[in-house]
Number of protein chains: 2
Amino acid sequence: MDLKTYLREKKDLVDSFLVDYFSSPLAPPKLQESLVYSLSAGGKRVRPVLCIAAYEACGKNAQEVVPFAAALELIHTYSLIHDDLPAMDNDDLRRGKPTNHKVFGEGMAILAGDGLLTEAFYLLSSSDRHQPSGLLKVIHEVARAAGIRGMVGGQAQDLLSENTEPDAATLAYIHTHKTAALIAASVKIGGILACTSEAHLNALAEYGENIGLAFQVIDDILDIEGETEVIGKPKGSDEKKKKMTYPKLYGIEKSKEKARELIDNALKALEVFDEKADPLRAIARYLLERKN
Amino acid sequence: MDLKTYLREKKDLVDSFLVDYFSSPLAPPKLQESLVYSLSAGGKRVRPVLCIAAYEACGKNAQEVVPFAAALELIHTYSLIHDDLPAMDNDDLRRGKPTNHKVFGEGMAILAGDGLLTEAFYLLSSSDRHQPSGLLKVIHEVARAAGIRGMVGGQAQDLLSENTEPDAATLAYIHTHKTAALIAASVKIGGILACTSEAHLNALAEYGENIGLAFQVIDDILDIEGETEVIGKPKGSDEKKKKMTYPKLYGIEKSKEKARELIDNALKALEVFDEKADPLRAIARYLLERKN
């Protein structure tokens, strides 16, 4: 299979949905402009594509899952807007463009994030194509992964751990919660919506947790080894912000080994699937080689 | 009926639930401490009590609806934490206590708000006592009322309208969205969860929209006429922040008249209900006389 074409096609599905969704006025114009600005700032749509790929791995049609995939991107985008705020990571640039609060002001950036997060749940509870009981499970899973039990918990621990000595338990908590939780949930809800078997659902969860963690470990490595123009932010920014990272605790070679091991686990988990899971397999391998 | 006892009993139900809910560790300790700080800062639990009273008006038992009522308080509390931030209303005090960011820092306050909002949806999607289709409707209604189509939209317009000349359309937008939307939804979801008839549901929606708007108009009046120690914030703070308010546009007498009219509409809407709606009626009348 041609992964590049696959990724572009699925990204286009999500982008078209988002453009269409926000083409009618849903909010005060300035607020809507602010959230559309960040939504269309050139993300790779990793979480939506994983959700779609998991749904397809279960033998279903991509089109049916696009609104759910898009909701994941709303949540991811909200987290970036809030994360960039002066009180958090204080970043002026994101993917080479001025961050939301730099363009619209801090107040509007906070509200844009709040609005995207809430709209995600509006979207997740909108569908009449899927079983209500399945949708409830999806909402529960997303809220768990995105909130204090997941991403927000990880962000808080990340913030609390700046300038402290790295330790293995704290680092594992931050990475599994801050990044891996929502990535894992993205894969899993694809399986829930496809009403797949318990065994397949567990395999997707296992795959998701492993690539989610790998994604963050590789992010840490790229922050040291990547090129600024490719990764879209100044390299060494973790070091500058005294962030707790994998390479800092384990060194760069051990971190690469850890990433490879996680990807191997992810691929192994997919053994219960047939060739319809090939995109998920290709994405896992691709993560190891990614440059941004 | 004795409204004071009623309000205290229902508030106690919600408070006990919240204490119990956050007695186990769900998040990094500092984050949990931060959100519990704001949750237990002495709110009147207006939205939860309205939700319970609407549920009871439909002949159901309060206990069954408490987790949903509590979820509304999580959302209200998140909105207060974010609203108090320096980039928003920049308030140091809330109900006479230092605001969340004053105690825990801005970063943690942003995350506490994000976490409360997300946890509300976790809670709303947790129940196995109610029909999944009803729960989905509840989640949809709450997300609509709390997000860019409701409260967040109203907050954004409020922020954008500071220092501008008041006009009727903008003021109506701000008030119906910023405050009334979530109050109206609180009443309505009580009816949805009780699986009441379309006619009763419409009556509850009508009641909720009217008291929601009355609540905000009276808030504006209290900001001018109330006593600092009773309302818990310095009086005249709207004027100081150049907020667009009812009295500013219509004068204080016309605003009081408007509030009375809204309460009359609310009471009229309840005519389809029997005496089980007496608490809703008493709450509406009480709003007119409230001092904080």
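For the structure itself, consult the block above.
Not measured: the values here are computed from a predicted model.

1. With respect to the relation of the copies chain A and chain B
Moving on, step 1. At an RMSD of 0.0 Å, chain A and chain B line up after a rotation of 180 degrees and a shift of 0.0 Å along the axis. Here the copies are linked by what is in effect a two-fold axis. Minimal C-alpha distance to the rotation axis in chain A is attained by P132 of chain A, lying at 2.8 Å.
Moving on, step 2. Looking at chain A, 100% of its interface residues are interface residues in chain B too, so the copies touch through the same face.

2. Considering the side chain of Q216 of chain B
Moving on, step 1. Positionally, Q216 of chain B belongs in helix α10 (residues 198–225).
Moving on, step 2. Residues within four places of Q216 of chain B in sequence aside, it is in contact with H175, K178 and T179 of chain B.

3. Brief notes about the interface of chain A and chain B
Moving on, step 1. In this assembly, 47 residues from chain A lie in contact with 47 residues from chain B.
Moving on, step 2. Interface of chain A and chain B: buried area, both sides summed, is about 4,200 Å²; carbon and sulfur atoms make up 77% of it.
Moving on, step 3. At the junction of chain A with chain B, the criterion picks out two salt bridges.
Moving on, step 4. Between R149 of chain A and E119 of chain B there is a salt bridge, with the nearest N and O atoms lying 2.7 Å from each other.
Moving on, step 5. Counting across the chain A and chain B interface gives 10 residue pairs in polar contact (both at pLDDT 80 or more).
Moving on, step 6. Of all elements in the fold, only α2 (29–39), α4 (66–84), α6 (106–124), α7 (132–146) and α8 (151–161) of chain A reach the threshold of two or more residues within the side of chain A that touches chain B.

4. Re the packing of helix α1 (residues 3–21) of chain A against helix α15 (residues 278–289) of chain A
All names here are of chain A.
Moving on, step 1. Axis separation between α1 and α15 bottoms out at 10 Å; the angle between their running directions is 105 degrees. Classified by the angle between their axes, α1 and α15 sit roughly perpendicular to one another. Every residue of α15 that contacts α1 at L3, Y6 and L7 is listed here: P279, A282, I283 and Y286.
Moving on, step 2. For the contact of α1 with α15, the class distribution of residues is seven nonpolar, no polar and no charged.

5. Topic: the packing of aromatic side chains
Residues and elements named next belong to chain A.
Moving on, step 1. Applying the stated rule across the entire model yields nine aromatic pairs over all chains.
Moving on, step 2. Residues Y21 and F22 carry aromatic rings whose centres are separated by 5.1 Å and whose planes lie at 80 degrees to one another, so their mutual orientation is edge-to-face.
Moving on, step 3. The ring centre of F215 lies 5.9 Å from the NZ or CZ of R47, which sits over that ring.

6. Concerning the pattern of salt bridges
Moving on, step 1. Under the defined criterion, the tally for this structure stands at 34 salt bridges over all chains.
Moving on, step 2. As a salt-bridge pair, D278 of chain B and R281 of chain B come within 2.8 Å of each other at their nearest N and O atoms. Taken together, the residues span about one helical turn, with D278 of chain B and R281 of chain B both in helix α15 (residues 278–289) at a distance of three residues.
Moving on, step 3. Each of D89, D158, E162, K178 and K243 of chain A takes part in salt bridges that share partners, so that together they form one network.

7. Observations regarding the side chain of D114 of chain B
Moving on, step 1. On the secondary structure map, D114 of chain B appears in helix α6 (residues 106–124).
Moving on, step 2. Buried and unpaired, D114 of chain B has R94 of chain A as its nearest opposite-charge partner, separated by 12 Å.
Moving on, step 3. Aside from chain neighbours lying at most four places away, what touches D114 of chain B is Y78, H82, D114, L117 and V152 of chain A together with H82 of chain B.

8. Digging into the environment of Y21 of chain A
Moving on, step 1. Of note, Y21 of chain A is situated in helix α1.
Moving on, step 2. Residues contacting Y21 of chain A, with those up to four places away along its chain left out, are L26, E119, Y122 and L123 of chain A together with R149 of chain B.
Moving on, step 3. A polar atom in the side chain of Y21 of chain A sits 3.2 Å from the side chain of R149 of chain B.

9. Comments concerning empty space enclosed by the protein
Residue and element names in this part refer to chain A.
Moving on, step 1. The final tally for this structure, using the stated rule, is five cavities of 30 Å³ or more.
Moving on, step 2. Space inside the largest cavity adds up to approximately 120 Å³.
Moving on, step 3. Sorting the residues of the lining of the largest cavity by element identifies α2, α4 and β2 (97–98) as the ones contributing at least two each.
Moving on, step 4. Tallying contributions element by element places α4 first for the lining of the largest cavity, with four residues.

Analysis parameters
- Residues numbered from 1 in each chain as written.
- Chains lettered and ligands numbered in written order.
- Predicted model: local features only at pLDDT ≥ 70, side-chain atom pairs only at ≥ 80, totals over all residues.
- Heavy atoms only, no water.
- Least-squares fit on C-alpha atoms with pLDDT ≥ 70 in both.
- Contact = heavy atoms within 4.5 Å.
- Helix = DSSP H or I, 4+ residues; strand = E, 2+ residues; numbered from the N terminus.
- Buried area = accessible area lost by both parts, 1.4 Å probe.
- Salt bridge = Lys/Arg side-chain N within 4 Å of Asp/Glu carboxyl O.
- Polar contact = N/O pair within 3.5 Å; in protein donor to acceptor, adjacent residues only side chain to side chain.
- Axes fitted to C-alpha atoms, helices over the stretch in contact; angles between N-to-C directions.
- Parallel < 35°, antiparallel > 145°, perpendicular 65-115°, else oblique.
- Nonpolar A, V, L, I, M, F, W, Y, C, P; charged D, E, K, R; others polar.
- Phe/Tyr/Trp six-rings, centres within 6.5 Å; stacked < 30°, edge-to-face > 60°.
- Lys NZ or Arg CZ within 6 Å of the ring centre and 35° of its normal.
- Buried < 20%, exposed > 50% of the residue type's maximum accessible area, 1.4 Å probe, protein only.
- Lys, Arg positive; Asp, Glu negative; His and termini not counted.
- 1 Å grid on protein atoms, 1.4 Å probe; cavity = no way out; pocket = protein on both sides within 12 Å on 5 of 7 lines; lining within 4 Å.
- Points joined across faces, edges and corners; volume = space filled by probe spheres on them.

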